[in-house]
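Spelled out from the first residue to the last, the chains are:
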Amino acid sequence: MSDDKTVNELLTANRRLLESIAAGDWAAYTELCDPSLTCFEPEARGQWVEGMDFHQFYFNLGGASGPVNITISCPHVRLMGDVAVISFIRLVQKLDGNGSPVTARSEETRVWERREGRWWHVHFHRTVG
Ligand code: GLY
């Protein structure tokens, strides 16, 4: 597979991942993630977290109820054999509790591993800007 095709495949998987989070779609999220997923993210208060239970807590609360639009800004894909690092800014437009539009922004680094003929999300670091 050419690097271009691989990059497209990775960006598609990465977008599906972000859309599954916005939709609260746990089945889609778990399909893309290795069960031993690790991360740093603001909800973990500076702690390194391993596994899916931490993330499932938020999915159990349900996805956004109103319209959501996700923009993946300036994605950069670094391929290193069967590992890829995608870094980007995520913008999520949604409505706040009063129905006013707000935009959430985060800086994200997401690591993917190719195994068994497909890409698995294995680690991420998310910072809220
Ligand atoms: N909080 C879950 C994720 O960003 O993948």
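Preceding this section is the structure that the text describes.
Residues numbered from 1 in each chain as written. Predicted model: local features only at pLDDT ≥ 70, side-chain atom pairs only at ≥ 80, totals over all residues. Heavy atoms only, no water.

Another point: the overall build of the protein chain. Helices and strands together make up the secondary structure of the protein chain, namely 3 helices and 6 strands. Ordering the α and β elements of the protein chain from the N terminus gives α-α-β-β-α-β-β-β-β. The C-alpha atoms of the protein chain give 15 Å as radius of gyration, which agrees with the globular expectation for 129 residues (14 Å, within 12%). Across its three principal axes, the protein chain shows a C-alpha extent of roughly 45 × 30 × 25 Å. Taking all 129 residues of the protein chain together, the buried fraction comes to 32%. As displayed, the protein chain has an accessible area near 7,400 Å², and 52% of this comes from carbon and sulfur atoms. (Helix = DSSP H or I, 4+ residues; strand = E, 2+ residues; numbered from the N terminus. Rg over C-alpha atoms; globule rule 2.2 N^0.38 Å. Buried < 20%, exposed > 50% of the residue type's maximum accessible area, 1.4 Å probe, protein only. Areas by Shrake-Rupley, 256 points an atom, 1.4 Å probe, with all protein chains shown as cover.)

Right, let's talk about the site of the ligand for a bit. Around the ligand, the neighbouring residues are I21, Y29, E41, H55, R110, F124 and R126. Contact distances for the ligand include 2.6 Å between an oxygen atom and a side-chain N or O atom of Y29. One nitrogen or oxygen atom from the side chain of R110 is found 2.6 Å from an oxygen atom belonging to the ligand. Summarising the interface, the protein chains cover 91% of the accessible area of the ligand, which totals 200 Å² for the free molecule. When atoms are counted within 2 Å of each cavity's grid points, the one that captures over half of the ligand is the largest pocket. Across the shell around the ligand, the residue classes tally to 3 nonpolar, 1 polar and 3 charged. (Near = heavy atom within 4 Å. Polar contact = N/O pair within 3.5 Å; in protein donor to acceptor, adjacent residues only side chain to side chain. 1 Å grid on protein atoms, 1.4 Å probe; cavity = no way out; pocket = protein on both sides within 12 Å on 5 of 7 lines; lining within 4 Å. Sits in = over half its atoms within 2 Å of the grid points. Nonpolar A, V, L, I, M, F, W, Y, C, P; charged D, E, K, R; others polar.)

If you walk through the whole model with that rule in mind, you get 0 disulfides. Cysteine C39 remains unbridged, with the sulfur of C33 as its closest cysteine sulfur at 9.9 Å. (Disulfide = S-S within 2.5 Å.)

In this fold, T38 is placed in strand β1 (residues 33–40). Leaving out residues up to four positions away in the same chain, T38 has contacts with W48, V49, E50, V122, H123 and F124. (Contact = heavy atoms within 4.5 Å.)

With that settled, consider the environment of G81. Position of G81 relative to the elements: it lies in the loop between β3 (69–80) and β4 (83–95). Not counting the four nearest positions on each side in its chain, G81 is found in contact with R114 and W119.

Once that is clear, we can look at the nonpolar core. Counting residues in hydrophobic clusters, the biggest one holds 23 residues, and the most contacted among them are L10, L17, Y29, C33, L37, I86 and W112. Of all the secondary structure elements, the ones that give two or more residues to this core are α1 (3–23), α2 (26–32), β1, β3, β4 and β6 (118–128). If we ignore the near neighbours within four places in the chain, the residues touching L37 are Y29, V49, E50, G51, M52, H55, H121, V122, H123 and F124. (Core = buried A, V, L, I, M, F, W, Y, C linked by side-chain atoms within 4.5 Å.)

With mixed pairing, 6 strands are arranged side by side in an open sheet as β2-β1-β6-β5-β4-β3. A strand with exactly one partner marks an edge of an open sheet, and here the two such strands are β2 (49–50) and β3. Here β1 pairs with β6 via 4 bridges, running parallel. Across the sheet, residue C33 finds its bridge partner in β6, namely H121. Against the sheet, α1 touches β1, β3, β4, β5 (101–115) and β6, its axis set at about 140° to β3. (Pairing = 2+ DSSP bridges. Axes fitted to C-alpha atoms, helices over the stretch in contact; angles between N-to-C directions.)

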